[in-house]
Amino acid sequence: MEFDRDTLISWLEEKDTTRLEHLYSGAYRTKVSTVGDKVYLRGLVEISNICCKNCLYCGIRRDNHAAGRYEISSEEVLQSAEFAYKEGYASLVIQGGERTDRAFIDRITSLLKEIKRRWPLGITLSLGEQPLEVYREWFGAGAHRYLLRIESSSRELYEKIHPVDSLHSYDSRVQALKDLRTVGYQVGTGVMIGLPFQTAAHLADDLLFFRSLDIDMCGMGPYLEHSQTPLYQYRSMLLPQTERLELSIKMVALLRLLMPDINIAATTAMQAIDPNGRERAILAGANVLMPNLTLAEVREEYQIYQNKPGVGEDAAISSSRTEQRLNEMKIPIGWGQWGDSKHFEKR
Ligand code: SAH
Ligand code: SF4
């Protein structure tokens with residue numbers, strides 16, 4: 001469907017619930033007719049919250065000394081991978097703080113090789129910006145999808161939510177996304193929604209940015225304030241959380257109409273606002289869900305935002321809840337299938 005910038009902005013500002021229901025059900029139908037009605041599950045492992053960066057919004061930023069740091073052992077990652085495989089998830093997401101030291105890079109490389117040696121799992125990485133050679137090394141070791149959110153496609157807003165220095169450069173972020181494509185990954189990006197200083201025009205531009213980058217996957221979610229971060233000082237500027245969620249659902253629906261055959265995730269931050277947040281996203285066009293497999297003992301430490309759902313639960317509880325919800329909604333699950341981006345396959 002063709003949407004110009006002004007149409008996108010007016011949808012993002014739309015308040016009429018009947019019109020919005022039409023938008024969401026239209027996006028759902030588009031999903032079913034292009035990528036099918038199934039939801040694909042990826043087990044999420046939050047491998048470590050040690051991070052060398054200082055993003056102004058994030059609870060595990062380097063300078064938050066109140067965050068206890070952890071790194072889960074390779075044996076524990078393998079246990080999660082086995083759990084995912086046995087549950088029939090078929091894919092794993094390994095996410096964590098950004099580190100560029102050789103020891104970390106090597107550890108990920110050998111983990112990838114070991115996982116691929118043992119199980120035919122699809123692997124997505126989300127480990128931040130890395131040099132092209134590292135992306136290549138990990139691709140060679142078995143990862144084939146990568147998530148790196150642009151966070152905001154507006155340079156000006158990007159620079160308001162990150163320190164302005166060589167470690168947090170907008171240009172390097174965009175370059176990293178291009179490098180991932182060069183190496184051959186299915187490339188996923190996304191933004192936070194409801195950030196301080198963010199307007200409907202910024203979000204419309206984000207959607208157009210995704211299209212111009214020709215992305216294969218997208219994960220977006222509401223921004224959630226964290227009291228131990230610098231951005232918390234702007235909390236009085238924020239929309240109520242329920243409105244940030246509504247905006248996120250609109251973004252999912254509009255993106256599905258704009259890029260019908262990509263994979264779009266229903267994210268945990270949506271569920272943080274409303275227990276049915278991710279299900280609402282699925283009914284507005286999302287087709288990927290990432291149940292958290294991180295060990296219960298360290299979940300509390302991986303708090304990129306506060307009140308993250310599922311803290312204290314273990315993998316079995318998180319995943320059976322997810323499955324139960326999808327069953328109740330009569331949404332079929334793509335058991336045992338990688339569920340790769342159709343958009344990527346067509347390219
Ligand atoms: N370090 C990697 C991956 C872990 S962070 C990276 O930054 O790419 C994963 C995502 O969490 C980030 O891309 C960001 O969009 C999101 N995030 C961080 N802080 C958040 C907050 N306060 N509210 C909502 N999402 C947040
Ligand atoms: Fe680190 Fe990612 Fe958080 Fe930035 S968003 S501080 S890179 S974990």
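Placed above this text is the structure.
Small disclaimer: the values here were computed from a predicted structure and weren't measured.

What counts and how
Residues numbered from 1 in each chain as written. Chains lettered and ligands numbered in written order. Predicted model: local features only at pLDDT ≥ 70, side-chain atom pairs only at ≥ 80, totals over all residues. Heavy atoms only, no water. Helix = DSSP H or I, 4+ residues; strand = E, 2+ residues; numbered from the N terminus. Rg over C-alpha atoms; globule rule 2.2 N^0.38 Å. Contact = heavy atoms within 4.5 Å. Lys, Arg positive; Asp, Glu negative; His and termini not counted. Charge placed at Lys NZ, Arg CZ, Asp CG, Glu CD. Near = heavy atom within 4 Å. Polar contact = N/O pair within 3.5 Å; in protein donor to acceptor, adjacent residues only side chain to side chain. Areas by Shrake-Rupley, 256 points an atom, 1.4 Å probe, with all protein chains shown as cover. Nonpolar A, V, L, I, M, F, W, Y, C, P; charged D, E, K, R; others polar. Expected span 1.5 Å × (residues − 1). Buried < 20%, exposed > 50% of the residue type's maximum accessible area, 1.4 Å probe, protein only. Core = buried A, V, L, I, M, F, W, Y, C linked by side-chain atoms within 4.5 Å. Phe/Tyr/Trp six-rings, centres within 6.5 Å; stacked < 30°, edge-to-face > 60°. Lys NZ or Arg CZ within 6 Å of the ring centre and 35° of its normal. Salt bridge = Lys/Arg side-chain N within 4 Å of Asp/Glu carboxyl O. Pairing = 2+ DSSP bridges.

> I would appreciate a short explanation of the overall build of the protein in the present structure.
Helix and strand counts for the protein come out as 14 helices and 11 strands. The globule rule puts the C-alpha radius of gyration for 347 residues at 20 Å, and the 19 Å found for the protein is close to it. Projected onto its principal axes, the C-alpha coordinates of the protein cover approximately 50 × 45 × 40 Å. Counting only contacts in the protein whose residues sit at least 6 apart along the sequence, the fraction spanning at least 24 positions is 77%. Charged side chains of the protein number 42 positive and 47 negative; the gap between the two group centres comes to 2 Å.

> Even after reading the chapter, I still don't get the site of ligand 1, so can you show me in this structure?
In the neighbourhood of ligand 1, 18 residues make up the surrounding shell, with Tyr57, Gly96, Arg149, Glu151 and Leu224 lying closest. Separating a nitrogen atom of ligand 1 from a backbone N or O atom of Tyr57 is a distance of 3.0 Å. In this structure, an oxygen atom belonging to ligand 1 sits 2.6 Å away from a side-chain N or O atom of Glu151. Out of a free accessible area of 540 Å², ligand 1 has 93% covered by protein chains. Its residues assigned to classes, the shell around ligand 1 shows 9 nonpolar, 5 polar and 4 charged.

> Explain helix α9 (residues 241–258) here, please?
Helical periodicity: at 3.6 residues per turn, an α-helix aligns residues three or four positions apart in one direction. Relative to the 26 Å expected for 18 residues at 1.5 Å per residue, α9 spans 25 Å between its end C-alpha atoms, a close match to the ideal helical length. α9 sits mainly inside the fold: 14 of its 18 residues count as buried.

> Sorry, what's going on with the nonpolar core here?
Here is a general trend for soluble globular proteins: nonpolar side chains tend to be buried in one another's company. Ile115, Leu125, Trp138 and Phe210 are the most contacted members of the largest nonpolar core, which totals 107 residues. Excluding its chain neighbours within four sequence positions, the residues that come into contact with Phe210 are Ile150, Thr189, Gly190, Val191, Ile215, Cys218, Met220, Leu255 and Met259. By size, the runner-up hydrophobic cluster in this structure holds 7 residues, among which are Met217, Ala265, Val288 and Met290.

> Would you mind going over the packing of aromatic side chains with me for this structure?
This model, assessed by the stated rule, comprises 9 aromatic pairs. Seen in terms of ring centroids, Phe197 and Tyr234 are 4.9 Å apart; in terms of plane orientation they differ by 65°. Their pairing is edge-to-face. Taken together, the residues Phe197 in the loop between β7 (192–193) and α8 (200–213) and Tyr234 in the loop between β9 (221–222) and α9 connect sequence positions 37 residues apart. Within the aromatic cluster, the residues linked to one another by ring pairs are Tyr135, Phe139, Tyr146 and Tyr185. Over the aromatic face of Trp11 sits the side chain of Arg19, whose NZ or CZ is 5.0 Å from the ring centroid. Over the face of the ring belonging to Phe197 we find Lys160, whose NZ or CZ atom lies 5.0 Å from the ring centre.

> I keep staring at the pattern of salt bridges and nothing clicks. Help me out?
Close approach of charged atoms lets side chains of opposite charge pair. All told, the structure shown has 27 salt bridges when counted by the stated rule. When the shortest N-O distance is used, the salt bridge between Glu129 and Arg173 registers 3.0 Å. Here Glu129 is found in the loop between β4 (122–126) and α5 (132–141), whereas its partner Arg173 is found in helix α7 (residues 170–183), with 44 residues between them in sequence. Of the residues examined, Glu129 reaches a relative accessible area of 11% and is grouped as buried. Between Glu225 and Arg244 there is a salt bridge whose closest N-O contact spans 2.8 Å. Of this pair, Glu225 sits in the loop between β9 and α9 while Arg244 sits in helix α9, and the two are 19 residues apart along the sequence.

> What is the right way to read unusual backbone geometry from this model?
Note: most residues except glycine have negative phi, and most peptide bonds are trans. Non-glycine residue Glu151 carries a positive phi angle of around 70°. When you line up the elements, Glu151 lands in the loop between β5 (145–147) and α6 (155–161). Since its relative accessible area comes to 10%, Glu151 is described here as buried. Within the chain, Lys330 stands out as a residue other than glycine whose phi angle is a positive 60°. With respect to the helices and strands, the residue Lys330 is situated in the loop between α13 (315–328) and α14 (342–346). With relative accessibility at 73%, the residue Lys330 sits in the exposed group.

> How should the sheet that holds strand β6 (residues 186–189) be read in this particular structure?
Strand pairing in a sheet relies on backbone hydrogen bonds. The paired strands run either parallel or antiparallel. An order of β1-β11-β10-β8-β6-β5-β4-β3-β2 is seen for the 9 strands of this open sheet, with the pairing classed as parallel. Two strands in the sheet have a free side with no partner beyond their single neighbour: β1 (40–41) and β2 (43–48). Where strand β10 (residues 263–266) and strand β11 (residues 288–289) come together, 2 bridges link them in parallel fashion. Residue pairing for β11: Ala266 is matched across the bridge by Leu289.

> What is the right way to look at the side chain of Thr267 in this model?
Its place among the elements puts Thr267 in the loop between β10 and α10 (268–273). On the accessibility criterion, Thr267 (7% relative accessible area) is buried. Polar side-chain contacts of Thr267 include one of 2.9 Å to the backbone oxygen of Met220. Sequence-distant contacts of Thr267, defined by excluding residues within four places in its chain, comprise Arg149, Gly219, Met220, Gly221 and Arg278.

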